[in-house]
Amino acid sequence: MTVRGSEHDFIVIGAGSSGCVVANRLSAVGAGTVLLLEAGGTANSLLHKIPLAATKLWFNPKTSWSLWTDPEPGLDGRRLPVPRGKGLGGSSAINGTVYNRGSPSDYDQWSDLGLDGWDYASLLPYFRRIEDHWRGADAHHGSGGEAPVSPLRTPSRLTPYVLDAVRQMGWPVTDDLMGECPEGIGLSDLHVDRRGRRSSAYDAFIAPITSRDALEIQTGALVHRVLIEDGRAVGVEYSRDGARWIARARREVILSGGAIASPEILLRSGIGPTEELTSLGIATVHDLPGVGRNLTDQPGASFEVACKQPFTSTHDLRIDRFARAMVQWAAGRGGIGAGPPMVAVGSVRTRPECRTPDLRVTVTGATMASKVWWPGFGPPPPHRFMVSFAVAHPKSRGSITLASADPSTPPRIVYNVLTADADIVQIRRGYRSLRELIAKPALADIAGDIVRPATEPADERELDQYLRSVAGTTSHPMGSCKMGVGADAVVDGECRVRGLAGLRVVDASVFPTQISGNPHATAMMLGAKVCDMILGRPPLQAAA
Ligand SMILES: Cc1cc2nc3c(=O)[nH]c(=O)nc-3n(C[C@H](O)[C@H](O)[C@H](O)COP(=O)(O)OP(=O)(O)OC[C@H]3O[C@@H](n4cnc5c(N)ncnc54)[C@H](O)[C@@H]3O)c2cc1C
């Protein structure tokens, strides 16, 4: 096979939420030349643009890596799907477009782990700088940044009822999950442009700068490994168009392959636990036991409720209404196409002693079975809505390991969902709290029978059986190349791989613990912050 070569100041692996921001900042005037390598394609189909269509992208191997976990021991051996975006924009090109940051206390916990400069007050200026928020600039929001943040323009008719029930639970209702009171339940903003199109990290950070001479983008470039010489990353080996390529980096290699692929690429490069590498016949370049460990995703489950009013997606998805909505979306005037079928989202503390929100809540005016329907062809689908809940800060930890040294073989993933006792206790608490919410007077004229589970679990054993039979994750994997100061940390507080020079990991794999919100904004913020470190700039002034 032919080997071809090129040389650049920086090589960025993966054009996802973090990688696009990194490639943008490092290719700015005077910074250096950048090669951005992305294994997937352009990810610019119509389905990518329509926020409502996101679910159609999750299990298509052209748009998603479509991975699966190994049998999950806490789920009676059931395997879980692991959708990850494949193509320019990465997971931000297929995600639910929900845009928020979680609770400030999530980040203060990072700082408490010894990570100076990762508290919320220090990160807020970076969150603000990347945003062009519909509310304009103020102490909590940014304006003029690359990422358009828009409101949900067509809220569900269920929303006011659910928010009243939230109040009756004694939980906070917020009209701004990134404002003065970011905790509680409300409507999240979206990473969608003002015309209602998805704005992936690629759309926001790379599409406007493709003419920069300093930036070269290659799609269809599957990175095999990072090349290390004398303890320093000097380049990468990848395949593209049937050829083998070597690209050399004069300054740094930045690995932004995401929480599944970044540890996978490190392991293939000989960076990881020696014993594991040896068993696969990979020579250890640098013994780093934490690579691929500490993997965490939020265990979640849901139940479905019959809706007494015609307020769910069943109303909107009748073919004539749906067709009108698509015309409305195409004209850039919002409508249901411009957002997910969100009724209410957020995170709450179910117990006063919690330091940070412990339960994620998502109410959706649709179920996974919702689809466009034609009147006259059988009865209309029933009106149902879905109540989902997830453990905000799970204790279970999983791992990414290699199944083979061959880069075309998918890695082995196991989340160990619900293996920690604390997580099963918390998910039960989530179920019970939300059953209580549905029974509140505010929903008396809305919520009918619970249709899934078909019968109410009679006791704790049956409830556990139900939860273990339906539980999945929120598709927010992180932590597999943990940032920290302990022996299990893979990168330091500047995202440098510990013990090596010229190599950083910059993506959700470095988040040391879960955040209680949705991680795409955090992944972009991370890219912006670490680039200041790479370029030797002083950090932005922390918020007061
Ligand atoms: C189905 C789904 C729904 C979600 N919904 C939301 C939501 O509504 N809101 C939210 O905030 N978050 C959501 N998320 C999570 C969020 O999108 C991710 O946490 C975030 O995008 C992760 O960013 P990243 O930079 O770490 O990785 P990614 O964005 O996944 O980027 C990694 C990139 O690396 C590329 N890559 C991987 N391996 C290689 C290789 N060997 N060579 C070259 N390139 C490679 C990938 O193709 C990809 O483009 C969702 C995620 C999924 C999967």
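It should be emphasised that the depicted structure is a prediction, and the values quoted were computed from it without experimental measurement. (Residues numbered from 1 in each chain as written. Predicted model: local features only at pLDDT ≥ 70, side-chain atom pairs only at ≥ 80, totals over all residues. Heavy atoms only, no water.)

**Overview of the domain arrangement of the protein**
- Looking at the assigned domains, one finds that the protein contains domain 1 (1-61 + 84-127 + 194-291 + 478-544) and domain 2 (153-187 + 299-393 + 419-470).
- In this structure, domain 1 and domain 2 have C-alpha centres spaced 32 Å apart.
- Across the boundary between the two partners, domain 1 contributes 28 residues, which contact 26 residues of domain 2.
- Carbon and sulfur atoms supply 57% of the area buried between domain 1 and domain 2, which totals about 2100 Å² over both sides.
- In this structure, the connection of domain 1 to domain 2 is made through one salt bridge.
- As a salt-bridge pair, D112 and R355 come within 2.7 Å of each other at their nearest N and O atoms.
- Connecting domain 1 to domain 2 are 14 residue pairs in polar contact (both at pLDDT 80 or more).
- For the side of domain 1 that touches domain 2, the secondary-structure elements that each account for two or more residues are α2 (46-49), β5 (98-99) and α3 (104-112).
- Ranked by the residues each element gives to the side of domain 1 that touches domain 2, the list is headed by α3, at six residues. (Domains from an automatic or database assignment. Contact = heavy atoms within 4.5 Å. Buried area = accessible area lost by both parts, 1.4 Å probe. Salt bridge = Lys/Arg side-chain N within 4 Å of Asp/Glu carboxyl O. Polar contact = N/O pair within 3.5 Å; in protein donor to acceptor, adjacent residues only side chain to side chain. Helix = DSSP H or I, 4+ residues; strand = E, 2+ residues; numbered from the N terminus.)

**Topic: the site of the ligand**
- If you check the shell around the ligand, you find 37 residues, and the closest are S17, E38, S91, V98 and H520.
- One nitrogen or oxygen atom from the main chain of G96 is found 3.0 Å from a nitrogen atom belonging to the ligand.
- Contact distances for the ligand include 2.8 Å between an oxygen atom and a backbone N or O atom of H520.
- In the complex, the protein chains occlude 97% of the 1000 Å² of accessible area that the ligand would expose alone.
- Contributions of two or more residues to the shell around the ligand are made by α1 (17-26), β11 (222-229), α7 (258-268) and α13 (520-534).
- Sorting elements by how many residues they give to the shell around the ligand places α7 first, with three residues.
- Residue composition of the shell around the ligand, grouped by class: 14 nonpolar, 19 polar and four charged. (Near = heavy atom within 4 Å. Areas by Shrake-Rupley, 256 points an atom, 1.4 Å probe, with all protein chains shown as cover. Nonpolar A, V, L, I, M, F, W, Y, C, P; charged D, E, K, R; others polar.)

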